[in-house]
Amino acid sequence: HQSVRPHILTEAEITHLLDEAGRLAPGNNSPLHAENMRLAVVLLYTAGLRRGELQRLIIGDYDRQERTLLIRESKFHKSRLLPLSRDAVRELEAHLRTRRAKGLPAGPDAPLLWNASRGGRAYTGEGLGQGLRCLLRAADIRTPAGRWPRVHDIRHSFAVQALLRWYRAGEDVQ
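Note that the structure is predicted; figures quoted are calculated from it, not measured.

## Considerations on the overall build of the protein chain
- Scanning the protein chain from terminus to terminus reveals 6 helices and 3 strands.
- Helices and strands in the protein chain line up, N terminus first, as α-α-α-β-β-β-α-α-α.
- Here the C-alpha atoms of the protein chain give a radius of gyration of 16 Å, agreeing with the 16 Å that 2.2 N^0.38 yields for 174 residues.
- When each of the 174 residues of the protein chain is scored for burial, the buried share is 42%.
- The contacts in the protein chain between residues at least 6 apart in sequence include a share of 57% that link residues at least 24 apart.
- Taken as a whole, the protein chain presents about 10100 Å² of accessible surface, with 51% of it coming from carbon and sulfur.
- With 28 positive and 19 negative side-chain charges, the protein chain shows a spacing of 4 Å between the two charge centroids.

## Comments concerning the nonpolar core
- Counting residues in each nonpolar core, the largest one holds 39 residues, and the members touching the most others are Leu 17, Leu 43, Leu 49, Leu 54, Leu 69 and Leu 84.
- At the level of elements, α1 (11–22), α2 (33–47), β2 (68–71), α4 (86–101) and α5 (125–138) are the ones that each hand at least two residues to this core.
- Broken down by element, this core gets its largest block of residues, 9 residues, from α2.
- Beyond its immediate chain neighbours, meaning those up to four positions away, Leu 84 contacts Leu 43, Ala 47, Tyr 62, Arg 67, Thr 68, Leu 69, Val 89 and Leu 92.

## Section: α4
- A rise of 1.5 Å per residue sets the reference length of α4, with its 16 residues, at 22 Å; its end C-alpha atoms lie 22 Å apart and thus fit the reference within 8%.
- Of all the residues in α4, the buried ones are Ala 88, Val 89, Glu 91, Leu 92, Glu 93, His 95, Leu 96 and Arg 99.
- Residues of α4 that are buried in the fold lie against α2, β1 (62–63) and β2.
- Two residues or fewer past α4, Gly 103 is found with a positive phi of approximately 70 degrees.

## Topic: the packing of aromatic side chains
- A full pass over the atoms with the stated rule returns 0 aromatic pairs.
- For Arg 142, the ring lying beneath its charged end belongs to Trp 148, and the centroid distance is 3.9 Å.

## So, the confidence of the model for the protein chain
- Here the protein chain averages 92 in pLDDT, and 98% of its residues register 70 or above.
- Mean pLDDT per element in the protein chain: α5 is the minimum at 92, and β1 is the maximum at 98.

## Re the sheet that holds strand β3 (residues 80–83)
- Across the sheet, which stays open at both edges, the 3 strands sit in the order β1-β2-β3 with antiparallel pairing between neighbours. Only two strands of the sheet have a single partner each, and these edge strands are β1 and β3.
- Looking at chain direction, β2 and β3 are connected through 4 bridges and run antiparallel. Among the inter-strand pairings, Thr 68 is bridged to a residue of β3, identified as Pro 83.

## A short note on the side chain of Ser 157
- By the element assignment, Ser 157 lies in helix α6 (residues 152–168).
- In this structure Ser 157 touches His 7, Ile 8, Leu 9 and Tyr 45, once residues within four positions along its chain are discounted.

## Structural notes on the pattern of salt bridges
- Applying the stated rule across the entire model yields 11 salt bridges.
- Glu 126 is paired through a salt bridge with Arg 133; the nearest N and O atoms lie 2.6 Å apart.
- Glu 126 sits in the partly exposed class, given a relative accessible area of 48%.
- One network of salt bridges, with partners in common, ties together Arg 50, Glu 53 and Arg 80.

## Thoughts on the environment of Asp 153
- With respect to the element layout, Asp 153 can be found in helix α6.
- When its relative accessible area of 2% is taken as the criterion, Asp 153 is described as buried.
- Note: C-alpha distance between Asp 153 and Pro 6 (147 residues apart in sequence) is 5.5 Å.
- Ignoring any residue separated from it by four or fewer positions in sequence, one finds Asp 153 in contact with Pro 6, His 7 and Leu 9.
- Side-chain polar atoms of Asp 153 contact the side chain of Arg 150, separated by 2.7 Å.

How each quantity is defined
Residues numbered from 1 in each chain as written. Predicted model: local features only at pLDDT ≥ 70, side-chain atom pairs only at ≥ 80, totals over all residues. Heavy atoms only, no water. Helix = DSSP H or I, 4+ residues; strand = E, 2+ residues; numbered from the N terminus. Rg over C-alpha atoms; globule rule 2.2 N^0.38 Å. Buried < 20%, exposed > 50% of the residue type's maximum accessible area, 1.4 Å probe, protein only. Contact = heavy atoms within 4.5 Å. Areas by Shrake-Rupley, 256 points an atom, 1.4 Å probe, with all protein chains shown as cover. Lys, Arg positive; Asp, Glu negative; His and termini not counted. Charge placed at Lys NZ, Arg CZ, Asp CG, Glu CD. Core = buried A, V, L, I, M, F, W, Y, C linked by side-chain atoms within 4.5 Å. Expected span 1.5 Å × (residues − 1). Phe/Tyr/Trp six-rings, centres within 6.5 Å; stacked < 30°, edge-to-face > 60°. Lys NZ or Arg CZ within 6 Å of the ring centre and 35° of its normal. pLDDT = per-residue confidence, 0-100. Pairing = 2+ DSSP bridges. Salt bridge = Lys/Arg side-chain N within 4 Å of Asp/Glu carboxyl O. Polar contact = N/O pair within 3.5 Å; in protein donor to acceptor, adjacent residues only side chain to side chain.

Structure follows, in structure tokens:
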């Protein structure tokens, strides 16, 4: 098994993804398609979430006062609290306002990325992955080899950008 070299998305590519997400049309199964994909990109890129972690989030995992997300039993069955950036909080709050305005489920047990299929459940991991892959294609973002980036490359991009910020700020990254 040969490992795949991650594509580190630039800030310009992330901005382009967010712009493309805003152009997505709502679907019968996903009336919040644009909003969900935009929030997905923001949380993957600014918090370094894994796709499965994002897919399993419920609204109650967001603590508005502390500006954190509770990631429950992720890899190796560990849970953690993630601090959110101001931009991520702003996006999350806008997403929740839109849901309330449209009369869609916004209680603490409702999936954060809600869709109307399967009785109003969360996206499946494959459904979320497919939506994000379609978004990457719509934005026409490709690796230097001409391939489409993987969804997990957004997490790699988060890690690289965090290290670069720390280096530039003179932080001890060790």
